[in-house]
Structure formats: C-alpha cells, structure tokens
Amino acid sequence: MGRIGITKDDVFAACKTLLKEGANLTVANVRDELGTGSYTTLLPLIDAFKTSFKETTEQAAATDGALQALPVELGDQGAKFIQDIWWQATTHANKRIEEVSAQFKKELAAVAAHLDAKAEELSQALTDITRLEKELGLVVAESDEKTKSLSQKDGEIQLLKSQLKDKDSELKSYLERAVSAEKKLEFLKEERDRK
C-alpha cells in the first residue's frame, strides 16, 4: 500500500493552528506542526494558504466588518452538530419530563390518599359531634326536668314548713291553754280544799 501524502487540508489546518498560536508561517514551523513533509511539497501549499487567507481578510475588510458567509461544508457540519445537540437535549428533556411527571403523579396519589384519610376522620368526627349533641340534648332535658321537679319539691317543702309553723303555733296555743287550764284547775282545787 502506498504512503498517503500530505493534503492541502492538512497544510491549511496546520497553518491555522500556527496563526492561532501567534507563530510565523514558515516551512519549518508547518513541518513541525505536521510532523512530516518536504520543502517542495509544503512551500506551494503554504503560499496557497497565505493567498487564500489574504483574500479572505481583504473580503472581510471590504464588507466593513460584515459577517462573511459560512462555508457550505461547515454549515452542513454545524447543522448536523446542532441537530445532534437538539436531539440529545430533547431526549434528555423528555426523560426529565417523564421523571418529574411520574414523581408528581406519585406525590399527587399520596396527597389524595392523605386527603381521603382526613375526610374519613372528619366524617367520623362529625358523626361523634352529632351523637354528643343528641346526648347533650337528653342530658339538658333531664336536667331541666330535675330542676322543675326540685322546684316543685321546694314548693312542697315551703308549704310543709308553713304548715309545720302553723301547727307549731297551734300547739303552743294549746300548750298555753293547757297550762292556763291546769293553773285554773289547781286554783279551783285549792279553793275547794279551803272550803
């Protein structure tokens, strides 16, 4: 198999690298950059690069700083590169969206379950409150009934006290009359005995 020679693209790429590094475009420098190449092969290609570079620079100056057109090869490569980046970014974004969506659905299900549990607790609490309100109503009614009964008993006690007071007064009156009658009887006995 024959040895592949240095191409124009190889020399142009080496020249661009040297310019970026601030080095002079000499045959020796280009050869060092490439690692191979003869003087007779490199010199015409370096001259061609210099001419091309000069024309490109002049065209750029002539357009007053306007952006020069992108070479078709670079445009195609750039479009492919951008398309690859876009595909990777879209794939990554879709994957991330699926992950976030799955996480969101999981959290939403957990929140829904938590809300259901709280709704059940609330329902039970409302049932308990209704039962307690009924019990309280019965207790209040029973308390009112007992208060009414106590009030009646208190009235009866007051009546009995009044009757007892009347009986006590009546008894005192009877006692006074009995004492008086006894004194009278004694007096009468003494009068009879004297006679």
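Residues numbered from 1 in each chain as written. Predicted model: local features only at pLDDT ≥ 70, side-chain atom pairs only at ≥ 80, totals over all residues. Heavy atoms only, no water.

## Comments concerning the packing of aromatic side chains
We count it as follows: Only rings of Phe, Tyr and Trp enter the pairing, Trp through its six-membered ring, and a pair is recorded when the two centres are within 6.5 Å. The plane angle decides the type: under 30 degrees is stacked, over 60 is edge-to-face, the rest tilted. By the criteria applied, helices consist of DSSP H or I runs no shorter than four residues and strands consist of E runs no shorter than two, each listed in order from the N terminus. With a 1.4 Å probe rolled over the protein chains alone, any residue whose accessible area is under 20% of its type maximum counts as buried; one over 50% counts as exposed, and the rest are partly exposed.
Here the structure, examined in full by the defined rule, presents 2 aromatic pairs. Residues Phe 12 and Phe 49 carry aromatic rings whose centres are separated by 5.1 Å and whose planes lie at 75° to one another, so their mutual orientation is edge-to-face. Of this pair, Phe 12 sits in helix H1 (residues 8-21) while Phe 49 sits in helix H3 (residues 39-62), and the two are 37 residues apart along the sequence. Take Phe 12: its relative accessible area is 14%, and that puts it in the buried class. Ring geometry for Phe 49 against Phe 53: centres 5.9 Å apart, planes inclined by 20°, an arrangement best described as stacked. You can see Phe 49 and its partner Phe 53 sitting in helix H3, 4 residues apart, about one turn around the helix. For Phe 49, a relative accessible area of 4% translates into the label buried. For Phe 53, a relative accessible area of 42% corresponds to the partly exposed category. Following the ring pairs from residue to residue traces out a cluster consisting of Phe 12, Phe 49 and Phe 53.

## With respect to the environment of Lys 50
The cut-off we apply is this: Pairs of N or O atoms within 3.5 Å make up the polar contacts considered here, provided that, within protein, one atom can donate a hydrogen while the other can accept it, and that residues adjacent in sequence are counted only when both atoms are side-chain atoms.
Note that Lys 50 resides in helix H3. Here the side chain of Lys 50 touches Leu 25 through a polar contact of 3.4 Å, landing on its backbone oxygen.

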